[in-house]
Amino acid sequence: MACKKPPVYMVHPITPSIRYTHMSTNQHILAIDTSCDETSVAITHERRVIAHVEYSQVTAHQEWGGVVPSVAKRAHEERIQWVIDQAIRRYDKTCTRDTFFANHINAIAVTYGPGLAIALEVGIRTAKQLAHTYHKRLIAVNHMAGHVYSCFVQNSNGNPPRDYTFPSLVLLISGGHTEIDIMHDHGTYTKLGETRDDAAGEALDKAARLIGLGYPGGAAMEALARQVNNADYYRFPRPMRSHDSLDLSFSGLKTKFLYTIQAMGDKEKNQSLNHLASSYQEAVFDSVVTKIRTAIKQTGITTLIVGGGVSANIRLRTKLRTLMRKQQGTVLFPPYPYLTGDNAAMIGVAAHYQAQRNGYVDDVGSLDRVARLSLAHS
Ligand code: KG4
Ligand code: ZN
């Protein structure tokens, strides 16, 4: 989605001598993400995750069939301090909050957009309080940049030891976003295309709801599709396939899916759930793969970074791996399952590179959430 507003925080230009102090390679960061329905805190060192704690609200939202902002906000407020304390305990059981922040943490990082405004506010408020109380610098991180860096997060032993390749193509594919970008360098992105309506995850969730699979539905659709070996029985349309544009669209596909199930009796529908899910998933992922192929053709870039909740899907991974093998290229996915969804570990790693560019918040008091923030504003 395009960003309508510029980010409201200021980048603080600091002199080289001060910069040396703040750019110590030993920087430990406490990172917070409350952008949607996970209350997540991580303690990171460069690309390594030393501790990570996440409190998922998914069951609180399930009965509503989607994330309810006011429920998310309250759940974040109720849990955030507990999640921080758990992360500190995992880092070092002997630390109190005071000794932890005084002796181990150099900066606080927080997601400031995109996401649910009132959910983002909880994390931002907490991060500001910590920065103020413990005299730490604050790094405001773009959540989508976090998803890019999710492919480069390492465990505490430094694995996997992946290298960056610049430029790379980026596919961000989640419940709120489907976009293709170029990553030119740390913090420098150009958007090539995006969905004109629903995100791919949203399209999967909506179809899942139509066949009674509950929320979120992406993983359930994947499981049904696997039962029929990902067969493409219904051959739903591949929207925007022939366009040179790298934009995507899923609303026509969703309508076609709706008409197909409306034309079925209940019995036929219930007997066809796996073929319906599989054919729909094939259509969504073929549209994405086609656009990545076009992006490679247009740019000549053959390294692809994939982030966001839908990157957990094995069928999507297989299709993208096949494509990149044919292109003699490389594709990177988040290396551990928890990194596909929303998490603070990726925010801590993105913050590390942002700190190297002096991307600290200048005036902590004025940091505000930007609910619609584009990756270009990283
Ligand atoms: O990145 P994410 O956790 O949250 C945001 O939307 O920002 O992504 C959630 C999306 C949901 O639409 C969910 O259905 C989808 O990711 N998802 C999957 C799978 N796991 C999660 N979609 C397809 N296959 C999966 N295995
Ligand atoms: Zn996300």
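Look above for the structure.
A quick note: this is a predicted structure, and the numbers were derived from the prediction, not measured.

Novice: Honestly, the overall build of the protein chain in this entry has me stumped. Any pointers?
Specialist: In terms of helices and strands, the protein chain carries 13 helices and 10 strands. Expected size for 378 residues packed as a compact globule is a radius of gyration near 21 Å; at 21 Å, the protein chain falls within 12% of this value. Seen through its principal axes, the protein chain has C-alpha atoms that stretch 65 × 45 × 40 Å. When burial is assessed residue by residue, the protein chain has 55% of its 378 residues classed as buried. With an accessible surface of roughly 16000 Å², the protein chain has 50% of that area assigned to carbon and sulfur atoms. Considering the protein chain, the positive charge centre built from 41 side chains and the negative charge centre built from 33 side chains are found 4 Å apart.

Novice: Whenever I open this one, the sheet that holds strand β7 (residues 178-185) confuses me. Can you help?
Specialist: Backbone hydrogen bonds are what pair the strands of a sheet, in a parallel or an antiparallel way. Pairing is mixed in the open sheet, where 5 strands are placed in the order β8-β7-β6-β9-β10. In the strand order of this sheet, the two ends are held by β8 (188-194) and β10 (330-332), each with one partner. Taken over all neighbouring pairs, the strand axes of this sheet differ in orientation by 25° on average, direction set aside. Inspection of the sheet shows strand β6 (residues 168-173) paired to β7 by 6 bridges, in the antiparallel sense. Counterpart to Leu-172 in the pairing with β7 is Glu-179.

Novice: Is there a simple way to explain the site of ligand 1 in this structure?
Specialist: Ligand 1 sits among 18 residues. The nearest are Gly-175, Asp-205, Glu-222, Gly-309 and Asn-313. In this structure, an oxygen atom belonging to ligand 1 sits 3.3 Å away from a main-chain N or O atom of Gly-176. Here Gly-218 contributes a backbone N or O atom positioned 3.1 Å from an oxygen atom of ligand 1. In isolation ligand 1 has 550 Å² of accessible area, and contact with the protein removes 82% of it. Sorting the residues of the shell around ligand 1 by element identifies α7 (200-210) and α8 (218-227) as the ones contributing at least two each.

Novice: What is the right way to look at the environment of Pro-334 in this model?
Specialist: Position of Pro-334 among the secondary structure elements: in the loop between β10 and α13 (345-356). By relative accessible area, which is 3% here, Pro-334 ends up buried. What Pro-334 contacts, discounting residues up to four positions off in sequence, is Ser-150, Cys-151, Val-306, Gly-307, Ser-311, Arg-317, Leu-339 and Thr-340.

Novice: What exactly am I supposed to notice about the packing of aromatic side chains here?
Specialist: The geometry of two aromatic rings is summed up by the distance between their centres and the angle between their planes. A full pass over the atoms with the stated rule returns 13 aromatic pairs. Pairing Tyr-164 with Tyr-353 gives two aromatic rings, centres 5.4 Å apart and planes at 80°, and the pair type is edge-to-face. Of this pair, Tyr-164 sits in the loop between α6 (143-149) and β6 while Tyr-353 sits in helix α13, placing them 189 residues apart in sequence. When the centroid spacing of 4.7 Å and the interplanar angle of 55° are considered together, the rings of Phe-257 and Tyr-280 count as tilted. With Phe-257 in helix α9 (residues 251-262) and Tyr-280 in helix α11 (residues 273-299), the pair connects residues that are 23 residues apart, well separated along the chain. Accessibility classification places Phe-257 together with Tyr-280 in one group, the buried group. Three or more aromatic residues joined by ring pairs make a cluster, and in this case those are Tyr-149, Phe-152, Tyr-164, Phe-166 and Tyr-353. A cation over a ring is seen here: Arg-137 above Tyr-360, with NZ or CZ 4.0 Å from the ring centre.

Novice: In this structure, what is going on with the coordination of the zinc ion (ligand 2)? I would like to understand it.
Specialist: Ideal donor angles around a metal are set by the shape: a four-donor tetrahedron calls for 109.5 degrees, a six-donor octahedron for 90 or 180 degrees. His-143 (NE2), His-147 (NE2) and Asp-342 (OD) make up the full set of protein donors to the zinc ion (ligand 2), lying at 2.1 to 2.2 Å. Viewed at the metal, the 4 donor atoms of the zinc ion (ligand 2) are separated by angles of 90 to 138°, and the geometry they form is irregular. In primary-sequence terms, the residues that donate to the zinc ion (ligand 2) follow H-x3-H-x194-D. On the criterion of helical spacing, the pair formed by His-143 and His-147 is a turn pair, its members being 4 residues apart in helix α6. The same class applies to His-143 as to His-147, namely buried.

Novice: Quick question: what am I supposed to make of the packing of α7 against α9 here?
Specialist: How two helices pack is summed up by the angle between their axes together with the distance between the axes. Orientation of α7 relative to α9, taken along the N-to-C sense of each, is 10°, at an axis distance of 10 Å. Judged on the interaxial angle alone, α9 and α7 are roughly parallel. Between α7 and α9, the contacting residues are Lys-206, Ala-207 and Leu-210 on the first element and Lys-254, Phe-257, Leu-258 and Ile-261 on the second. Looking at the contact of α7 with α9 residue by residue, the classes come out as 5 nonpolar, no polar and 2 charged.

The rules behind these values
- Residues numbered from 1 in each chain as written.
- Chains lettered and ligands numbered in written order.
- Predicted model: local features only at pLDDT ≥ 70, side-chain atom pairs only at ≥ 80, totals over all residues.
- Heavy atoms only, no water.
- Helix = DSSP H or I, 4+ residues; strand = E, 2+ residues; numbered from the N terminus.
- Rg over C-alpha atoms; globule rule 2.2 N^0.38 Å.
- Buried < 20%, exposed > 50% of the residue type's maximum accessible area, 1.4 Å probe, protein only.
- Areas by Shrake-Rupley, 256 points an atom, 1.4 Å probe, with all protein chains shown as cover.
- Lys, Arg positive; Asp, Glu negative; His and termini not counted.
- Charge placed at Lys NZ, Arg CZ, Asp CG, Glu CD.
- Pairing = 2+ DSSP bridges.
- Axes fitted to C-alpha atoms, helices over the stretch in contact; angles between N-to-C directions.
- Near = heavy atom within 4 Å.
- Polar contact = N/O pair within 3.5 Å; in protein donor to acceptor, adjacent residues only side chain to side chain.
- Contact = heavy atoms within 4.5 Å.
- Phe/Tyr/Trp six-rings, centres within 6.5 Å; stacked < 30°, edge-to-face > 60°.
- Lys NZ or Arg CZ within 6 Å of the ring centre and 35° of its normal.
- Donors = N, O, S within 2.8 Å, 3.2 Å for Na, K, Ca; no water.
- Tetrahedral: all angles 85-135°; square planar, octahedral: opposite > 155°, others 65-115°.
- Parallel < 35°, antiparallel > 145°, perpendicular 65-115°, else oblique.
- Nonpolar A, V, L, I, M, F, W, Y, C, P; charged D, E, K, R; others polar.

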